[in-house]
Amino acid sequence: MEEKESEINGHAGHKNPLPTVSLKSEKNSFKDRFMVFFKRNLLVIFTVSGVLVGVGLGMMVRNMNLTRAQMTYFAFPGEMLLRMLKMIILPLVVCSLISGAASLDTRSLGKLGGIAVSYFLVTTLIASSIGVALAFIIKPGVGAGALNTNNLGLEGVSSNKETADSFLDLARNLFPSNLVSAAFRSYVTDYKTILVGNVTNGTLNYQKVPYGTDADGMNILGLVLFAMVFGVALRKLGPEGEELIRFFNAFNEATMVLVSWIMWYVPFGIMFLVGSKIVEMEDVVLLVTSLGKYIFASILGHIIHGGIILPLIYFGFTRANPFSFLSGLITPFTTAFATCSSSATLPTMMKCVEENNGVDKRISRFILPIGATVNMDGAAIFQCVAAVFIAQLNNVELNAGQIFTILVTATASSVGAAGIPAGGIITIAIILEAIGLPTHDLSLMLAVDWIVDRTTTVVNVEGDALGAGILHHINEQEMKKQRQQEQHQEEQELEEVKVEVVANVKAEEETSPLVTHQIQGDSSSRETLDDKDGVESVL
């Protein structure tokens, strides 16, 4: 045994068992690394597999010619996923914003809020510009003049809402009259026609008068604003508000636990969501051939904005690889692709941004709910493409003023666009009204919205996530600067103390040793006298 060991240690002989051991260890290490990777990305693998299996399942079931009722039953597991995600939105948005706003001091909250709003506005404006530019380059509506809703067997979409009323509704929804009803209803302006004039004179005329109604759907804008202001108010209370802040923090953590449970149902639900959409499709070939240019222009805009512009903005701020950041968000992107809802993707996005990318909880819980409501880059692209497409369809030449109106209206109205499937169609109506185009061709957009809306939602949530990453980086830089300033101040204070100590030492050295010896002797003699007095008094 000793001879063998000496041979191995001395590298004697060609038949060395070490390489086999290293190969085994390499195999084991590779296997371990693969298992670690597999466990870490298990949910991502399941989610992506769910989409692929859903496509195959949809193709198979499509040939079975199901009835409408059978289609509804087939889509049931997917519907359950949407219901679960929508159920968690209200507590998640309110609690995360209250705890996020309460955990940040007012100065940093204002600064971060200002940067976030600027980022959202600039990116949405860039997205709108890309949409208009691509629509003019590709010209999706040229040569499609013969295309109308009757050829495709589509229902008409009517919208007679004034542009001014749309923006006034936005402001009204920011301040809901009833917080409880804001959880499931939002304010919408409707119109009624009344007779005005004198019957005897025969000067009767009809006037369209706006009046307020409630529409189904959560008023997320009002809830976001209330939660932010309430969080700031709790912070201002000081010690009295700490108990309520702790309550909302605990509520938020419990909601995130629920989200982690729901996420394991996501792959199964997505499979049926995608499958049922494929089964429900009417004549896909006719739609794609007639509206192919419009679909291509919209999706190309999303690829340019999501794949080039947003990563470049992230890199410009952080000097970090944006694609390594995005690689941790595959599950939310898949959820966005399947559900077509920014709001429904919010729970999974928050969890992945915090756990996979290490974004500060205070930042993510403050910025992501606002982003899901306000930031709609993908929607701005397809709305601008749609507006130019409808103008080309009706042979209307757009002037510079109308193009500017499209850009501004798309950027502003995307703020109020609902984070739900087909929420952007209503916003296109506002843009068309603003530039004086007919809205009867909107059903064409609705026909292919289920295709375009998928990439739209992915770009929307990507913009939110990268915004959270940028704010996290800026916040870290600020904290580093503060630490450096504190260290510098401490060093200065230490130097001042050292100078004082050195001065005292020099003063002591300057005094005569005899004097110091005498002083010490006097003090010791005093102490002995005091001791004696003390003993006498005791006696």
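Residues numbered from 1 in each chain as written. Predicted model: local features only at pLDDT ≥ 70, side-chain atom pairs only at ≥ 80, totals over all residues. Heavy atoms only, no water.

The protein chain is annotated in an unreviewed UniProt entry as Amino acid transporter from Carassius auratus. Its UniProt record gives the protein chain a comment under Sequence similarities (unreviewed entry), which states: "Belongs to the dicarboxylate/amino acid:cation symporter (DAACS) (TC 2.A.23) family." Check the Subcellular location (unreviewed entry) section of the UniProt entry for the protein chain; it says "Membrane". (UniProt positions renumbered as here; feature names shortened; annotations may be inferred.)

Draft legend 1. Focus on the nonpolar core. Membership of the largest hydrophobic core comes to 68 residues, with the highest contact counts inside it found for Phe325, Leu329, Met349, Ile367 and Leu368. Here methionine 349 is in contact with Leu329, Pro332, Phe333, Leu368, Val461 and Ala465, once residues within four sequence places are set aside. Residues Ile138, Ile381, Ile406 and Ile431 belong to the second largest nonpolar core, which totals 40 residues. (Core = buried A, V, L, I, M, F, W, Y, C linked by side-chain atoms within 4.5 Å. Buried < 20%, exposed > 50% of the residue type's maximum accessible area, 1.4 Å probe, protein only. Contact = heavy atoms within 4.5 Å.)

Draft legend 2. Structural view of the pattern of salt bridges. As enumerated under the stated definition, the model contains ten salt bridges in all. When the shortest N-O distance is used, the salt bridge between aspartate 169 and arginine 172 registers 2.9 Å. In this pair, aspartate 169 and arginine 172 both sit in helix 7 (residues 163–174), three residues apart, roughly one turn of the helix. Judged by relative accessible area, arginine 172 falls into the partly exposed class, the value being 35%. For the salt bridge of arginine 365 with glutamate 354, the shortest nitrogen-to-oxygen distance reads 3.0 Å. You can see arginine 365 sitting in helix 16 (residues 361–374) and its partner glutamate 354 sitting in helix 15 (residues 342–355), a full eleven residues away along the chain. Take arginine 365: its relative accessible area is 6%, and that puts it in the buried class. The exposure class assigned to glutamate 354 is buried, which follows from its relative accessible area of 12%. When salt bridges with common partners are traced through the structure, they connect Glu253, Glu354, Lys361 and Arg365 into a single cluster. (Salt bridge = Lys/Arg side-chain N within 4 Å of Asp/Glu carboxyl O. Helix = DSSP H or I, 4+ residues; strand = E, 2+ residues; numbered from the N terminus.)

Draft legend 3. Structural detail: helix 7. For helix 7, with twelve residues, the first-to-last C-alpha span of 17 Å sits near the 16 Å given by 1.5 Å per residue. All of the buried residues in helix 7 are Thr163, Asp165, Ser166, Asp169, Leu170 and Asn173. One face of helix 7 carries all of its buried residues, which in axial projection span an arc of 165 degrees. (Expected span 1.5 Å × (residues − 1). Arc of directions from axis to C-beta.)

Draft legend 4. Fine view of the packing of helix 17 (residues 377–393) against helix 18 (residues 400–413). Running from N to C, helix 17 and helix 18 point in directions that differ by 140 degrees, and their axes come no closer than 10 Å. By the angle between their axes, helix 17 is oblique relative to helix 18. The crossing of helix 17 and helix 18 is right-handed. Touching Gln383, Cys384, Ala387 and Val388 of helix 17 are Ile406, Ala410 and Ser413, all from helix 18. When its residues are assigned to classes, the contact of helix 17 with helix 18 shows five nonpolar, two polar and no charged. (Axes fitted to C-alpha atoms, helices over the stretch in contact; angles between N-to-C directions. Parallel < 35°, antiparallel > 145°, perpendicular 65-115°, else oblique. Left-handed = near helix turned anticlockwise from the far one by under 90°. Nonpolar A, V, L, I, M, F, W, Y, C, P; charged D, E, K, R; others polar.)

Draft legend 5. Expanded view of the packing of helix 6 (residues 106–138) against helix 18. One way to put it is that helix 6 packs onto helix 18 with a least axis distance of 9 Å and a crossing angle of 140 degrees. With respect to helix 18, the element helix 6 is oriented oblique. Considering how the two elements wind past one another, helix 6 and helix 18 form a crossing that is right-handed. Contact residues: helix 6 offers Leu121, Thr124, Leu125, Ser128, Ser129, Val132 and Phe136, while helix 18 offers Ile403, Ile406, Leu407, Ala410 and Thr411. Looking at the contact of helix 6 with helix 18 residue by residue, the class counts come to eight nonpolar, four polar and no charged.

Draft legend 6. Spatial organisation of the environment of leucine 466. On the secondary structure map, leucine 466 appears in helix 20 (residues 442–510). Taking relative accessible area as the criterion, leucine 466 reaches 0% and is therefore assigned buried. Put simply, leucine 466 and leucine 310 are 156 residues apart on the chain and 7.5 Å apart in space, counted from C-alpha to C-alpha. Dropping the residues within four chain positions of it, leucine 466 is found in contact with Tyr119, Leu310, Pro311, Tyr314, Phe325 and Leu326.

Draft legend 7. Summary view of a negative patch on the surface. A contiguous patch of negative charge, built from Glu486, Glu490, Glu491, Glu493, Glu495 and Glu496, is present on the exposed surface. Tracing the backbone through its elements, the reader meets glutamate 491 in helix 20. In this structure glutamate 491 comes out as partly exposed when scored by relative accessible area, which is 46%. (Patch = residues over 30% accessible without salt bridge, like charges linked within 9 Å, V, L, I, M, F, W, Y side chains within 5 Å. Areas by Shrake-Rupley, 256 points an atom, 1.4 Å probe, with all protein chains shown as cover. Lys, Arg positive; Asp, Glu negative; His and termini not counted. Charge placed at Lys NZ, Arg CZ, Asp CG, Glu CD.)

Draft legend 8. Up close: the side chain of aspartate 169. Owing to a relative accessible area of 3%, aspartate 169 belongs among the buried residues under this scheme. A distance of 2.9 Å separates polar atoms of two side chains, one belonging to aspartate 169 and the other to arginine 172. A distance of 2.5 Å separates a polar atom in the side chain of aspartate 169 from a polar atom in the side chain of threonine 189. (Polar contact = N/O pair within 3.5 Å; in protein donor to acceptor, adjacent residues only side chain to side chain.)

Draft legend 9. Summary view of helix 16. Over its 14 residues, helix 16 extends 20 Å from the first C-alpha to the last, a length consistent with the 20 Å expected when each residue adds 1.5 Å. For helix 16, the tally of buried residues reaches eleven of 14 residues, placing the bulk of the element in the interior. The complete set of buried residues in helix 16 reads Ile363, Ser364, Arg365, Phe366, Ile367, Leu368, Pro369, Ile370, Gly371, Ala372 and Thr373.

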